[in-house]
Amino acid sequence: MLATHEVRIGDLVVPNNVFLAPLAGYTNYPFRKQCLKYGAGLTFPEMMNARGFLFNPKGTEALLHTEEEEKIKTVQLFGKDPALLRQVAESETLSKVDLVDLNMGCPMPKIVKNGEGSALLSDFPLASEIIREVKKSGKRVSVKFRVGLDEKRIVTEDFAKLCEDAGADMITVHGRTREQVYAGEVRYDEIARAKQAVRIPVIANGGVMDEESARLLLDRTGADGIMIARGALSNPQIFADLTGAKKDSKRQMILEELEDTMRLFSPHFTVVFMRKMVAFYIKGMRDSVRFKDRLFRAETEEALRALIDEIFPEG
Ligand SMILES: Cc1cc2nc3c(=O)[nH]c(=O)nc-3n(C[C@H](O)[C@H](O)[C@H](O)COP(=O)(O)O)c2cc1C
């Protein structure tokens, strides 16, 4: 267990400093609800295209779905048009959102090619203008970014200062470069430099899989908190390990997530989504390879439930 503490993001008080990262394709409400139950202090839905709010508002609804359990509501936007991002932040659709996070770290070619995500690390004036404009919406604003584009173009300290100067209320630094995508060493030293450079809260991200790696990331960076992505995907109860919240059996956790997903999404989506999730949750278990194969052949909720019963027998 870590010695957790509150984080103040502007005037917003977050109960602890262990956050769930945004994960495209995964951090929907049922998954976030599990992470909150196991102690995550703050959770993020997957990144959303600012243009989508104008051109495909229906498509944004499922991604924005939230319920009472999620006391602090966040959204993560990507885009490069300051006026549009501000318009979205000010929109009725986001009226209940407490914190708008701006994605300036995504390395995916289709995003970067458009000058969005981590491309903004090489356009300081535009990045600054985006933060300033979105801030005018009156929302609290945070920025999630990487340490740089590659080893030769590390920007952490200057970019952290840029965010603070433009009015950001918090930053999250993923300690890898765009070139590294999601693999390789996390630059603790660079996250530490960001922490030294600004007064707003700095959240460190990258490589947390258990208590030991969580402690290392916090200790080596001096950051105000940590954000966990893949470590939560394979084990949402990592938040309980770190915060002391109560744990459940894996069976209980999976069945709850299945119920919520069924309630909010179509049966087809539920089966496809839960197959992926259960595959994560059984990683490392005996017979996991054999079960994984059968999981991906389960076509209905009933088939999925039968398999869950077999993998995690009751009692
Ligand atoms: C499948 C997947 C989807 C992701 N989606 C997002 C996203 O929507 N927004 C974002 O800022 N980062 C996204 N990330 C990056 C993570 O939030 C995080 O920064 C990265 O995985 C490093 O943390 P980790 O080492 O704990 O996994 C994604 C990563 C993965 C693996």
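Note: the structure precedes this text.
Below is a summary of the structure that appears in this document. The residue count restarts for each chain, going from 1 along the sequence in the order it is written. The predicted nature of this model means local features are confined to residues of pLDDT at least 70 and side-chain atom pairs, given and counted, to a pLDDT of 80 or more, with totals for whole chains, interfaces and linings taken over all residues. Hydrogens and water are ignored here; the side-chain numbers use all heavy atoms of the structure.

1. Focus on unusual backbone geometry
Alright, step 1. Of note in this structure, Val181 is not a glycine but carries a positive phi near 55°.
Alright, step 2. Going along the chain from the N terminus, every DSSP run of H or I of four or more residues is numbered as a helix, and every run of E of two or more is numbered as a strand. Position of Val181 relative to the elements: it lies in the loop between strand 8 (170-177) and helix 8 (188-197).
Alright, step 3. Between buried and exposed lies partly exposed: a residue is buried under 20% and exposed over 50% of the maximum accessible area for its type, with that area taken using a 1.4 Å probe on protein chains only. What makes Val181 partly exposed here is its relative accessible area of 33%.
Alright, step 4. Despite not being glycine, Asp287 shows a phi value in the positive range, around 70°.
Alright, step 5. Note that Asp287 resides in the loop between helix 13 (267-281) and helix 14 (288-295).
Alright, step 6. The exposure class assigned to Asp287 is partly exposed, which follows from its relative accessible area of 36%.

2. Considering helix 6 (residues 124-135)
Alright, step 1. How far a helix is expected to stretch is found by multiplying one less than its residue total by 1.5 Å. The end-to-end C-alpha distance of helix 6, which contains 12 residues, comes to 17 Å, matching closely the 16 Å that a straight helix rising 1.5 Å per residue would cover.
Alright, step 2. The complete set of buried residues in helix 6 reads Leu126, Ala127, Ser128, Ile130, Ile131, Glu133 and Val134.
Alright, step 3. Contacts: residue pairs with any heavy atoms within 4.5 Å of one another. Elements in contact with the buried residues of helix 6: helix 4 (82-90), strand 6 (99-104), strand 7 (140-148) and helix 7 (156-166).

3. Digging into the site of the ligand
Alright, step 1. Residues in contact with the ligand amount to 17 residues; listed here are only the nearest, Ala24, Gln76, Asn205, Gly207 and Arg230.
Alright, step 2. Here an oxygen atom of the ligand and a backbone polar atom of Ala229 are 3.1 Å apart.
Alright, step 3. Polar contacts, as counted here, are pairs of nitrogen or oxygen atoms within 3.5 Å of one another; within protein the pair requires one atom able to donate a hydrogen and one able to accept it, and residues that are adjacent in sequence qualify only if both atoms are side-chain atoms. At a separation of 2.6 Å, an oxygen atom of the ligand approaches a polar side-chain atom of Arg230.
Alright, step 4. If the ligand stood free it would expose 610 Å²; the protein chains cover 89% of that surface.
Alright, step 5. A 1.4 Å probe that fits into a set of points on a 1 Å grid over the protein atoms alone but cannot get out defines a cavity; an open set with protein on both sides within 12 Å along at least five of seven lines defines a pocket, and lining residues are those with an atom within 4 Å of a point. Cavities and pockets are treated as containing a molecule whenever more than half of the molecule's atoms lie within 2 Å of their grid points. The pocket occupied by the ligand, as judged from atoms lying within 2 Å of grid points, is the largest pocket.
Alright, step 6. Per-class residue counts for the shell around the ligand are 8 nonpolar, 6 polar and 3 charged. Near, as used in this document, describes a residue that has one of its heavy atoms within 4 Å of the molecule or strand being considered. Where accessible areas are quoted, they stem from the Shrake-Rupley method and a 1.4 Å probe; at the residue level, only the protein chains shown are allowed to cover. Each residue gets one of three labels, nonpolar for Ala, Val, Leu, Ile, Met, Phe, Trp, Tyr, Cys and Pro, charged for Asp, Glu, Lys and Arg, and polar for the others, Gly among them.

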